[in-house]
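# Analysis of the macromolecular model
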Amino acid sequence: MKFNTKTIHGGQEPDKAYGAVMPPIYQTSTYAQTTPGGHKGYEYSRTHNPTRTALEKSFASIENGNYGLAFGSGLAAIDAIMKLLQPGDEVISTSDLYGGTYRLFTKIFEGFGIKFHFIGMQNAANIESYVNENTKLIWVETPTNPMMNIIDIEASSAVAKKHNIMLAVDNTFATPYLQRPLDLGADIVMHSATKYIGGHSDLVMGALVVKDKKLADKLYFIQNASGAICGPMDSFLALRGIKTLHVRMQRHCENGKAVAEYLAQHPAVENVYWPGFESHPNHEIAKKQMDDFGGMISFTTKGNDYEKSIKIVENLKVFVLAESLGGVESLAGHPASMTHASIPKSAREKTGVVDSLIRLSVGIEDIDDLIADLAQAIAT
Ligand code: P1T
């Protein structure tokens, strides 16, 4: 089955009771048993729920994996991965990453005795220089949030395999429409399904997909034991979102390209970060591992002018000033004071998250309206 069919049919079959084409919302916490242990595969909804099962099969299908797991948020999914580790273990992570992931790593898991190395990964050789006998996980976010750096997944996987280390890839920005990390050698692919997977800014959810049965069993155990699952209604909404992922992503990419090109020629704009530009330092890797370049763009204003950037995001009328990304509507954010405020200023600025940086999640509205909105906001 090809991707555009998998989004609609992957792992799905009509409901057995009445043939409903969409999986019903099994809004139940528990299931009747005929005798203790005598049930139809479902005992309690933290452990399993049929609507969530349908979604987990869909996740596995679109990411070319064998096992999918759905969680109550992207961070809950990352939390489950981290619970595979033990005190004394070490993690090598991209230095430019979502602020909440950084906060989870440094404020929660460092306290449990796990050591993190936040490094630039554009050169895979740099990853290897941090490997030692305690290294258990390489954490890759690509494209990175918000600087749009691209990390070579295949090259990272070669380092991971050589040293018998797990490789996890946060595929939130790219989605499996653009990039399939498991095919490139990753062990775990993770999503904030809150974003493009859901696609309509109406749910908060996380996803993991793996190929290996042993790893899947460990993660299912953690999912049930810790209990950070998503509910049946959200599972239904995510399933509905996935059915249009490919058509939405196609338009996000088209609009993203047009907005990136508009900003690049604007005299008030200093830098535009978008991997589709030939001048992007990792453009060749992006071309190799992604099918297109997506709808996420960051840019700075001339003179790194904080006040000017704040005025721009306040003046936007079609773009909504808000956290999050990946919905059908265009959003704008100011990472330094919003999504990445939990990263100390010095660490943040080292990766390029300066005070004038604006991040855009380009939606699927008419491109003329998006460009006109940016033009008027920058002009004022
Ligand atoms: O918000 P949540 O569903 O828990 O997902 C966390 C997360 C993980 N990974 C990446 C790359 C993310 O972008 C996020 C969430 N990001 C935002 C809310 C944001 O505006 O960047």
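Thresholds, definitions, all that
Residues numbered from 1 in each chain as written. Predicted model: local features only at pLDDT ≥ 70, side-chain atom pairs only at ≥ 80, totals over all residues. Heavy atoms only, no water. Pairing = 2+ DSSP bridges. Helix = DSSP H or I, 4+ residues; strand = E, 2+ residues; numbered from the N terminus. Axes fitted to C-alpha atoms, helices over the stretch in contact; angles between N-to-C directions. Phe/Tyr/Trp six-rings, centres within 6.5 Å; stacked < 30°, edge-to-face > 60°. Buried < 20%, exposed > 50% of the residue type's maximum accessible area, 1.4 Å probe, protein only. Core = buried A, V, L, I, M, F, W, Y, C linked by side-chain atoms within 4.5 Å. Domains from an automatic or database assignment. Contact = heavy atoms within 4.5 Å. Near = heavy atom within 4 Å. Polar contact = N/O pair within 3.5 Å; in protein donor to acceptor, adjacent residues only side chain to side chain. Areas by Shrake-Rupley, 256 points an atom, 1.4 Å probe, with all protein chains shown as cover. Buried area = accessible area lost by both parts, 1.4 Å probe. Salt bridge = Lys/Arg side-chain N within 4 Å of Asp/Glu carboxyl O. Nonpolar A, V, L, I, M, F, W, Y, C, P; charged D, E, K, R; others polar.

### Considering the sheet that holds strand S4 (residues 135–141)
Strand order across the open sheet formed by 7 strands is S1-S7-S6-S5-S4-S2-S3, with mixed pairing between neighbours. In this open sheet, the two strands that pair with only one neighbour each are strand S1 (67–71) and strand S3 (115–119). Taken pair by pair, the neighbouring strands of this sheet meet at an average axis angle of 20°, ignoring direction. Of the strand pairs in this sheet, S4 and strand S5 (residues 166–170) are connected by 5 bridges, and their pairing is parallel. Note that in S5 the partner of Trp139 across the bridge is Ala168.

### Considering the packing of aromatic side chains
Any aromatic ring pair is given by two values, namely how distant the centres are and how the planes are angled relative to each other. This model, assessed by the stated rule, comprises 10 aromatic pairs. Consider the rings of Phe105 and Trp139, whose centres lie 5.7 Å apart with planes at 90°: the pair is edge-to-face. Pair noted here: Phe105 is in helix H4 (residues 99–109) and Trp139 is in strand S4, with a separation of 34 residues, a long-range link. Across the pair, exposure class does not vary: Phe105 and Trp139 are buried alike. These aromatic residues form a ring-pair network of at least three members: Tyr102, Phe105, Phe116, Phe118 and Trp139.

### Structural notes on the pairing of strand S6 (residues 188–192)
Counting buried positions over the 5 residues of S6 gives 5, a clear majority of the element. Here S6 shows a buried face lined by Ile188, Met190 and Ser192 and a second buried face lined by Val189 and His191. As judged from the 3 bridges shared by S5 and S6, these two strands associate in the parallel manner. Residue Asp170 lies in a different strand from S6, and its bridge partner there is Met190.

### Details of the nonpolar core
Counting 60 residues, the largest nonpolar core has Phe59, Leu263 and Leu360 as the members making the most contacts within it. Three or more residues apiece are contributed to this core by two domains, here domain 1 (3–242) and domain 2 (245–379). If we ignore the near neighbours within four places in the chain, the residues touching Leu263 are Val269, Val272, Ile297, Phe299, Leu360 and Ile378. Core analysis: the second largest hydrophobic core is formed by 31 residues, Leu69, Met82, Phe116 and Met166 among them.

### Points about the site of the ligand
In the vicinity of the ligand there are 18 residues, among which Asp170, Thr194, Lys195, Ser324 and Arg359 approach most closely. Here a nitrogen atom of the ligand and a side-chain polar atom of Asp170 are 2.6 Å apart. Between the ligand and the protein, one listed contact pairs an oxygen atom with a side-chain N or O atom of Ser192 at 2.8 Å. For the ligand, whose free accessible area comes to 480 Å², the fraction covered by protein is 93%. Listed by contribution, the elements that provide at least two residues to the shell around the ligand are helix H3 (74–82) and S6. Each of two domains, domain 1 (3–242) and domain 2 (245–379), supplies a minimum of three residues to the shell around the ligand.

### Section: the side chain of Gln289
Mapped onto the elements, Gln289 comes out in helix H11 (residues 283–289). Within the structure, Gln289 has its side chain in polar contact with the backbone oxygen of Ile151 (distance 2.7 Å). Non-local contacts of Gln289, meaning those with residues more than four positions away in its chain, are made with Thr142, Ile150, Ile151, Asp152, Ile153, Glu154, Leu178, Gln179 and Leu184.

### Here's the deal with the domain arrangement of the chain
By the assigned domains, the chain splits into domain 1 (3–242) and domain 2 (245–379). On a C-alpha basis, the centres of domain 1 and domain 2 stand 25 Å from each other. Approximately 3,500 Å² of surface area, both sides summed, lies buried where domain 1 meets domain 2, with 62% of it carried by carbon and sulfur atoms. On the domain 1 side of the contact with domain 2, Met147, Leu178 and Tyr196 bury the most area, a combined 22% of that side's loss. Inspection of the domain 1/domain 2 interface yields 3 salt bridges. Salt-bridge contacts for Glu154 lead to Lys288; the nearest nitrogen and oxygen are separated by 4.0 Å. Inspection of the region where domain 1 meets domain 2 yields 20 residue pairs in polar contact (both at pLDDT 80 or more). Elements with a contribution of two residues or more to the side of domain 1 that touches domain 2: helix H1 (3–9), H4, helix H6 (153–162), helix H7 (175–178) and helix H9 (232–242). Looking at the side of domain 1 that touches domain 2, its residues break down into 22 nonpolar, 17 polar and 6 charged.

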